[in-house]
Amino acid sequence: MDSVSVVIVAYHRPDSLLRTLPSLQRGGIDTVVMNVDDDREVRTVAEHHGARVVPVLGNPGYAAAVNLGVAQTATANVVFANDDAALTGDVVLGLGRILAAREADVVVPAVHDDCGRVVGTVAPVLTLWRFALEWLLLPDKPLLAGHSFGVQKWRRPSRPEPIQAAAAVVVACRTDLLRSCPLPETYFMYWEESEWFHTLRRHGRKVSIDPELRIAHIGGRLDVRAQKDALLARNAVRCFRRTGGRTRALIGWPLVVLWRVRLLAVDSVRGLAGPRSSRRQRIGARTAGLRSAVMAVTEIR
C-alpha cells in the first residue's frame, strides 16, 4: 500500500490536537502540524506526540497553510484537515487505501458532530443554478428524511460513491495531484475548496465519499461569527468571478446578496425564542455577512 501523511492546520487550539495526535502517533503515521502564528502550546503538544511542527508566521489562510504542509511530505498520498476534526489512525489509513487502489483521486470521510449526528458535507460544483437552488432557496436540512431529490447538500450517502464536491474538513488526495493543482490561496478561508473541486471536475478527476470512514467535527456550520459570515459572502462572489468570469460574477452577486438577506431574516425570526445574547451574536454575524455581500460588487471587477 502506498504510504500516507497527514497535514493538520492548527490555529491556537492545542486541546483539539489532543483528540487526534495520539491515535496518529500509535498508527505510525507521518504527521505535519502547521502551527499558525507559531503558538507555543500547539508546538509543545504536537512535538510531545511525535508530529513534525512547521511554524507559520502570521496567518496566511487555510489553503496557504495546507499547500506549505504538503511541500513537507514525501508520501504518495496526503490527508489535510482542520485542527478541530478528530482524525484517527484507522480513518487516515482507510483513506490512504482507497487512494492507493486508484479508486478515486480525492476521497473524503463522513463527518459527524459530537453527538454522532451526520453533518452534511457533500456539495455541488458551483454554478449559478446550483447556487440559487442549494444556497439561496433551500434549507440545509432535507425536507424529507432519507430523500435528497437531487440536491447535493442533502445527500447522506450510506455507501462509498462518487460526489461532485465536499467541505474541506478532512480531505485525502494524491500528493502529486495536490502539488500540481494546489488549493487556491486568494480566499484566506471559505470557498477555496469550491474552486478547487470545480477545477478537479473540469479536468476529469474522480472524487468520492466513504461514509464507513467517520470523523467528528467540533463546531462546523454551527459556528456563526461576524468575520466568518463576511468572508463567506465576499468569497462566494470571488469564486463566481474566478470560476466563470465577470459575467457569471455579475449575475451571481445579487444571488449572494439575496442569500444573505434570507439568512438574516430566518435568524431574526428564530432568534425571537432564543437567549438574547445568542440572538444578538447571530444577528450581528448575519448583518456583517449582508454588508459584505453588498460590498462584494467590487469583486466583479
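What counts, and at which threshold
Residues numbered from 1 in each chain as written. Predicted model: local features only at pLDDT ≥ 70, side-chain atom pairs only at ≥ 80, totals over all residues. Heavy atoms only, no water. Phe/Tyr/Trp six-rings, centres within 6.5 Å; stacked < 30°, edge-to-face > 60°. Helix = DSSP H or I, 4+ residues; strand = E, 2+ residues; numbered from the N terminus. Buried < 20%, exposed > 50% of the residue type's maximum accessible area, 1.4 Å probe, protein only. Lys NZ or Arg CZ within 6 Å of the ring centre and 35° of its normal. Expected span 1.5 Å × (residues − 1). Contact = heavy atoms within 4.5 Å. Pairing = 2+ DSSP bridges. Right-handed = clockwise from strand over helix to strand, strands pointing away. Axes fitted to C-alpha atoms, helices over the stretch in contact; angles between N-to-C directions. Parallel < 35°, antiparallel > 145°, perpendicular 65-115°, else oblique. Salt bridge = Lys/Arg side-chain N within 4 Å of Asp/Glu carboxyl O. Core = buried A, V, L, I, M, F, W, Y, C linked by side-chain atoms within 4.5 Å.

*Asks:* Would you explain the packing of aromatic side chains in this entry?
*Replies:* By convention here, two paired aromatic rings are described through the distance between centres and the angle between planes. Summed over all chains, the structure comprises nine aromatic pairs. Considering the side-chain rings of phenylalanine 131 and tryptophan 259, the 5.5 Å spacing of their centres and the 85 degrees angle between planes classify their relative orientation as edge-to-face. With phenylalanine 131 in helix α6 (residues 128–137) and tryptophan 259 in helix α9 (residues 226–270), this residue pair connects regions lying 128 residues apart in the sequence. Taking the relative accessible area as the measure of exposure, phenylalanine 131 reaches 0% and is therefore buried. Ring pairs connect the aromatic residues Phe131, Trp135, Trp191, Phe240 and Trp259, which therefore count as one cluster. Above the ring of tryptophan 259, the side-chain terminus of arginine 260 is found at 4.6 Å from the ring centroid.

*Asks:* When you look at helix α5 (residues 89–100) in this model, what are you seeing that I'm missing?
*Replies:* At 3.6 residues per turn, the α-helix brings residues three or four places apart onto the same side. With twelve residues, α5 ought to run about 16 Å at 1.5 Å a step, and its terminal C-alpha atoms sit 16 Å apart, in line with that. Buried within α5 are the following residues: Gly89, Val91, Val92, Gly94, Leu95, Gly96, Ile98 and Leu99. Among the structural elements, β1 (4–10), α2 (21–26), β4 (77–82), β6 (106–112), β11 (170–174) and β12 (207–217) are those in contact with the buried residues of α5. A positive phi of about 60 degrees marks arginine 102, the residue just after α5.

*Asks:* What am I meant to see in the pairing of strand β2 (residues 30–36) here?
*Replies:* Along a regular strand, successive side chains alternate from one face of the sheet to the other. Counting buried residues in β2 gives six out of seven residues, a clear majority hidden from the surface. Summarising the sheet, β1 and β2 pair through six bridges and their orientation is parallel. When the bridges of β2 are listed, alanine 10 appears paired with asparagine 35. Regarding the hand of the β-α-β motif, the stretch spanning β2, helix α3 (residues 40–48) and strand β3 (residues 52–56) is right-handed.

*Asks:* What exactly am I supposed to notice about the packing of helix α8 (residues 192–202) against α9 here?
*Replies:* Helix-helix packing is described using two parameters, namely the angle between the two axes and the distance between the axes. Interhelical geometry of α8 versus α9 gives an angle of 75 degrees and a closest axis separation of 7 Å. On the basis of the axis angle, α8 is roughly perpendicular to α9. Taken together, the residues of α9 that come into contact with α8 (itself represented by Ser194, Glu195 and His198) are Cys239, Arg242, Thr243 and Arg248.

*Asks:* Explain the environment of isoleucine 218 here, please?
*Replies:* As for its placement among the helices and strands, isoleucine 218 is situated in the loop between β12 and α9. Residues isoleucine 218 and aspartate 113, 105 residues apart in the sequence, show an inter-C-alpha distance of 6.3 Å. Isoleucine 218 has contacts with Arg19, Asp84 and Asp114, leaving out every residue within four places of it along the chain.

*Asks:* How do you make sense of unusual backbone geometry when you look at a structure like this?
*Replies:* When glycine is set aside, most residues are seen to have a negative phi, and most peptide bonds are trans. In this structure, aspartate 37 is a non-glycine residue whose phi angle is positive, near 70 degrees. On the secondary structure map, aspartate 37 appears in the loop between β2 and α3. Classification of aspartate 37 by relative accessible area gives partly exposed; the value is 33%. The backbone phi angle of phenylalanine 149 is positive, close to 55 degrees, even though this residue is not glycine. For phenylalanine 149, the position within the fold is in the loop between α6 and β9 (161–162). Here phenylalanine 149 falls in the exposed class, since its relative accessible area comes to 57%.

*Asks:* Would you mind showing me how to read the pattern of salt bridges here?
*Replies:* Enumeration according to the criterion identifies 17 salt bridges in this entry. Residue glutamate 134 pairs with arginine 130 through a salt bridge whose shortest N-O separation is 2.6 Å. Separated by four residues within a single helix, glutamate 134 and arginine 130 lie in helix α6, roughly one turn from each other. For glutamate 134, a relative accessible area of 1% corresponds to the buried category. On the basis of relative accessible area, arginine 130 is assigned to the buried category, the value being 18%. Of the charged contacts, one joins arginine 286 and aspartate 267 as a salt bridge, the two residues approaching to 2.8 Å between their closest N and O atoms. Taken as a pair, arginine 286 in helix α10 (residues 276–295) and aspartate 267 in helix α9 lie far apart in primary sequence, 19 residues in all. Here arginine 286 matches aspartate 267 in class, with each residue buried. It is possible to trace a salt-bridge network through shared partners that takes in Asp229, Arg260, Asp267, Arg282 and Arg286.

*Asks:* It is not clear to me how the nonpolar core should be interpreted in this structure. Could you clarify?
*Replies:* The tendency in soluble globular proteins is for nonpolar side chains to be buried as a group. Core analysis: the biggest nonpolar cluster contains 34 residues, and Val66, Phe80, Val106, Leu178 and Trp196 have the highest contact counts within it. The element contributing the most residues to this core is helix α4 (residues 62–70), with five residues. When neighbours within four sequence positions are excluded, tryptophan 196 is seen to be in contact with Phe80, Val106, Val171, Cys173, Leu178, Cys181, Pro182, Leu183 and Pro184. Grouped together as the second largest cluster of nonpolar side chains are 30 residues, Ala46, Val91, Val92 and Ile215 included.

So yeah, pure geometry; function would need other evidence.
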